Every structure is written in structure tokens, then in C-alpha cells.
Amino acid sequence: MKSEKLVFYRPNREYHKKMHWVQEGISAGFPSPADDFKELRISIDQEVVSNEEATFYARVSGESMQGAGLDDGDLLVIDRSLEPIDNKIAVCFIDGEFTVKRLKVTKDEVLLIPENPKYQSIKVTEENELIIWGVVTYVVKKL
Amino acid sequence: MFVLVDCNNFYASCERVFQPKWESKPVVILSNNDGCVIARSNEAKALNIPMGAPAFKYKQQFKQQGVKVFSSNYPLYGDMSNRVMTILEKYTPNLEIYSIDEAFLQFKGFDLFNLEQEGQRMRKQVRKWTGIPVSVGIAPTKALAKIANKIAKKFVNRTQGVYAIDTEKKRIKALQWTKIGDVWGVGRKHKIRLEAIGVCNALQFTQLPDAWVRKHMSVLGLRLKKDLSGVSSIQLEEIIPMKKGIATTRSFEGTITQFSDLEERISTFATSCAEKMRKQRSSCNALLVFVRSDPHKKGGFPYQNSCVLPLPYATNSSILLSKHAVTGLQKIFKKGVHYKKAGVMIMGLIPTEKRQLSIFQNNNNKHLTLMQSVDRIHKRFGPHRIKLANQDLNRTWKMKQEHLSQRFTTELNEIITIK
């Protein structure tokens, strides 16, 4: 045994990431035939993200939309590419604050409707500065 | 035809998407360690806050005039840029990402098509999907598209953010309007030389004899003249150094699947960016690495991702940039993907002299000595030793970022909260 032929590598502490590609770098033996059948793991993105470039996330704070299933701390998936039509739940920016409400759009007015009797609807008037930021498409909830 | 899409006040616009209350208010973004101003909104420009303004000197003015100050949030800007570019890519397979916030799109055989209308569509889509406002310039050559873009931006009320130089009359008018110093690729030296012989606008430049241009401004100058005359001479992926940002991106002839092959490419791109920066004596504050599979190929696993690496201090060292770029690639590389395109972009470009300024006027003495040591080691032992500094920097060096917004799109625990 010639011990001087052994080379010791010290772990590189600089990288904390997992380095997946390493396993294929080892070429001893013959390649696993299973490699050809590798599929990428299921990702929840496939279900909830239909338009990657326009999708953003937000966290719910408060109970104003409890009736629609949006609880405090829930994660919202927002798609900005969708049209904010009547009855959609949308993230709005009104008078300096973000809020999530159900849209009520009629010929004459726009209302932001909460789904909790303890909260009041907001009637959008000309004095309000309203940006409909995006339409909520999914709620991710921790049970 | 070439279409140049440029994001308006990109960094400020990114911040405003997630904090809309700063819409139509003056906003500035500071370099690493909150040193100097690297980006301004139109309102801040109107207040005469110059680029590179040292933050500590302007603190009072910012406060008095209600200027909102942000530390640079490169992960956010990088992700938003990636979104914009991916949307634009859907319009044409010939897309050149020119910098973090601008891209050239080439349209071949679309002559029957109303490109101005298409430009409006792009502008609306990018704005709606990402919240980022863009301007669109359309012209038969790149240099003219650049000018068209400037017109679209400057006269947004009349142009609706889209302008096409598609007739000879419009071309002459646009060139007359463009000051020689504002022409793409005309630096300060050439500007002085040209003005000395009475060339003050771009039209006069195109009327110079070829021989003069070639003699004083080399072949590149001649190509610029032709481009401005309406004869396309500067092709996609051909890069003239510029002030705002630098990108090196390439589409591969085939596809790349191996990490090591991609690593080599990325490292080369980073080195090339660093060389360009050194040429124009600037340093960057962050870099972005991106990879994408062929979007136009059927079958195969579609994948695109990007990653931003804020640098501990502004630099233009090839080694440091290449090292960071490869670290970024490691984060986003996915096995089994056929990569078609990759690139490295640098962000937060500042003149190297300004960088010095911000280092030595930084009130944190720890940073100061650390930086000086880095420079000394660099000088004495050659650039390879910079690695030592790099390792330390990752662990102990914390940036001064007092006005940092959240990483709204890349960190789950930093997303917006909604009542």
C-alpha cells in the first residue's frame, strides 16, 4: 500500500448548497440505466402557476376575507396577467395600502367587498387612488 | 427591423411595483453600502440629483425634498428583469439582452406587419404582467432604434411610449434632434473632436466623409455612421461598451447539457464583462447569471432561471466576477435540461473612481481596512490572491443597507403582506 497516493480533499465550507451534479461526475462502472428515465419531481408550481412571468406571492394579514377562505397567514398566488373582472378576488392598492377583496364591478361603480360581516365594503370614488394589482388564483393554507 | 425595448428608470420602477405609494414621487437607489446614487426616477432627475451623488452629502436634501431612498436590491431587479426578458422572447426568436433593462428584438420578414402596433402590445403586456413601464424604439438599424427609443421615452405623451423611425423624413428629423454626445457609442473624446469640427448633431455626423470617420474613429465609427444612415451594419450580439449596464449573452449553436460545459461558458462571459468594464473604467455592484432552454423547440423540458449575486463591494476583477458567476450557476443549474442560451449581466455600474470615493468615505472603519488590504494583496501578489478576500467576505462582511426593500419575488418570507 502506497499511502502517499491517497489524496485528501478538505470539504469546501464555502458552499452550503447541495451540488446535485456531482453524482454524474463519477464515471467508474457503467452508467445507471435508470438515468434515462429520470423525471423531474412534482412541483406545486405545475398546479398553481400558469403564467410564470406574471405570478407573484403575498401573505394575508387579517380576517377581512375569511368567508372566502383567506385566513390570516395564508399564502396567496397572484396572477397579474388575468383581467380583474367582476366577482374575482383581487389584490388592490388603495390609498397607500395593499388590500385583498372581492371585486364588484358594475356600470357605475367599483366596490371592494370583504367577506367578513365585521368589515365594511369600500366604494371606490374618484378621490381614491386605486390600482388593481393582480387577481388571486390560489390560496396556500397551512393546516 | 430592430426593436429596442428599454425599461424606464428600471431600478426605481422595480421598487414601485411593490410599493406603489412611491409612484410619481422622487426615488433614488444607492450603490452597495449605501455609498452613492446609482439610479433615479424622473422626479429625482428633475430635482437635479446627479448620478453618483454621495448619499451622505445629500442626506439633508433628500429629507427636505421628500426623496425616497432605497438601498440596491439586486435579487429583486434581477428577477424582474428575467420576467421582462422572458415576455419579450415570446415575440421573436432573435432577442439580444443588451443589459439588465434593455433588449434588442430583431424582426425579419415582418414587413407587412404593423410593428408600431406590436410595440404597443409589448409595452402593455410587460406593464400589466410585471408592473414595469417600458419604452419601445423601432427602426431599420440598431443605432437608429436606440434613437427612436429615446424619442419614445422623451415625448411619451405624443408617442405613447412607442416610436418608429420608418421613413426618410423621420430619420432626418430624429438625427437632427440627437446631440452628437448622445449618439450610441460616441464617447467623450469623440464628442470633443467632433464638436471641434462643427459636428453637433447626429445628422451632421452622417454627412462626414467616410475617410475622416475611419481615420479618427476606426471601423467601428464607420459602421456607426452607416447604421445611422439607415444601412444596418451593427448586428445582434455585437456589443459596443456602454454606460448603463453590460451583458454578455450567447445562444449556443447546439444545446449544452453538462454542468462543466456551461460552467466554462459562464466563466468566459463573466470575464468578458469584466474586461469591458475595465475598458470603460467602471465597476459593478452585482451580477446576474441566467440560463434557459430552447423556448421554440418542441418536446424537452422547458426551463429558465436566473440568479443575482450582490457583490460585497464594487469590482471589475475578472476572477472575482467569474467566481461569483459560477456560484450563481451552481444555484440554478438543473440536470437533464438542454440549455440553448446563457449569459452574464452586470448591475449597478459605477465609475471606478466613484467606487474609491465611496470606500474611503465610508464611515465603517472595518470596511475601510478590509478594502485596503484587498487592494494591497491584489497589487502585491497578483489578482489570484483576491480569492482570500472572497472567502472572508462571504462570512464576515455585512453590507450597509439601511434602506433595503424586501426581496419580494425571490424570498418567500419577504413577500408583500396584504390586509
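Conventions used here
Residues numbered from 1 in each chain as written. Chains lettered and ligands numbered in written order. Predicted model: local features only at pLDDT ≥ 70, side-chain atom pairs only at ≥ 80, totals over all residues. Heavy atoms only, no water. Helix = DSSP H or I, 4+ residues; strand = E, 2+ residues; numbered from the N terminus. Buried < 20%, exposed > 50% of the residue type's maximum accessible area, 1.4 Å probe, protein only. Contact = heavy atoms within 4.5 Å. Areas by Shrake-Rupley, 256 points an atom, 1.4 Å probe, with all protein chains shown as cover. Phe/Tyr/Trp six-rings, centres within 6.5 Å; stacked < 30°, edge-to-face > 60°. Core = buried A, V, L, I, M, F, W, Y, C linked by side-chain atoms within 4.5 Å. Salt bridge = Lys/Arg side-chain N within 4 Å of Asp/Glu carboxyl O.

Caption draft 1: A look at the overall build of chain A. Helix and strand counts for chain A stand at two helices and seven strands. The order of α-helices and β-strands along chain A, N terminus first, is α-α-β-β-β-β-β-β-β. Looking at the 143 residues of chain A, the share that counts as buried comes to 30%. Within chain A, counting contacts between residues at least 6 apart in sequence, those at least 24 apart form 52% of the total. Surface summary for chain A: the accessible area is close to 10500 Å², and the carbon and sulfur share equals 53%.

Caption draft 2: Main features of the packing of aromatic side chains. For the structure shown, the criterion picks out 18 aromatic pairs over all chains. Ring geometry for Trp 133 of chain A versus Phe 18 of chain B: centroids 5.8 Å apart, planes at 55°, classification tilted. Separated into two different chains, Trp 133 of chain A in strand β7 (residues 130-140) and Phe 18 of chain B in helix α1 (residues 10-18) make up a pair that spans both. Ring plane angle 55° and centroid distance 6.1 Å describe the contact between Phe 10 of chain B and Tyr 11 of chain B, whose orientation is recorded as tilted.

Caption draft 3: The arrangement of the nonpolar core in detail. Membership of the largest hydrophobic core comes to 68 residues, with the highest contact counts inside it found for Tyr 11, Leu 105 and Ile 132 of chain B. With residues near it in sequence (within four places) discarded, Tyr 11 of chain B still touches Ile 29, Ile 38, Ala 39, Tyr 74, Tyr 77, Ile 100, Met 347 and Gly 348 of chain B.

Caption draft 4: Quick peek at the pattern of salt bridges. Residue and element names in this part refer to chain B. A complete count under the given rule lists 23 salt bridges over all chains for this structure. When the shortest N-O distance is used, the salt bridge between Asp 79 and Arg 83 registers 2.8 Å. With Asp 79 and Arg 83 both in helix α4 (residues 74-89) and four residues apart, the pair spans about one turn of that helix. For the pair formed by Asp 79 and Arg 83, the shared burial category is buried. Arg 265 is the salt-bridge partner of Glu 264, the closest N and O atoms lying 3.1 Å from each other. The exposure class of Glu 264 is partly exposed, given its relative accessible area of 43%.

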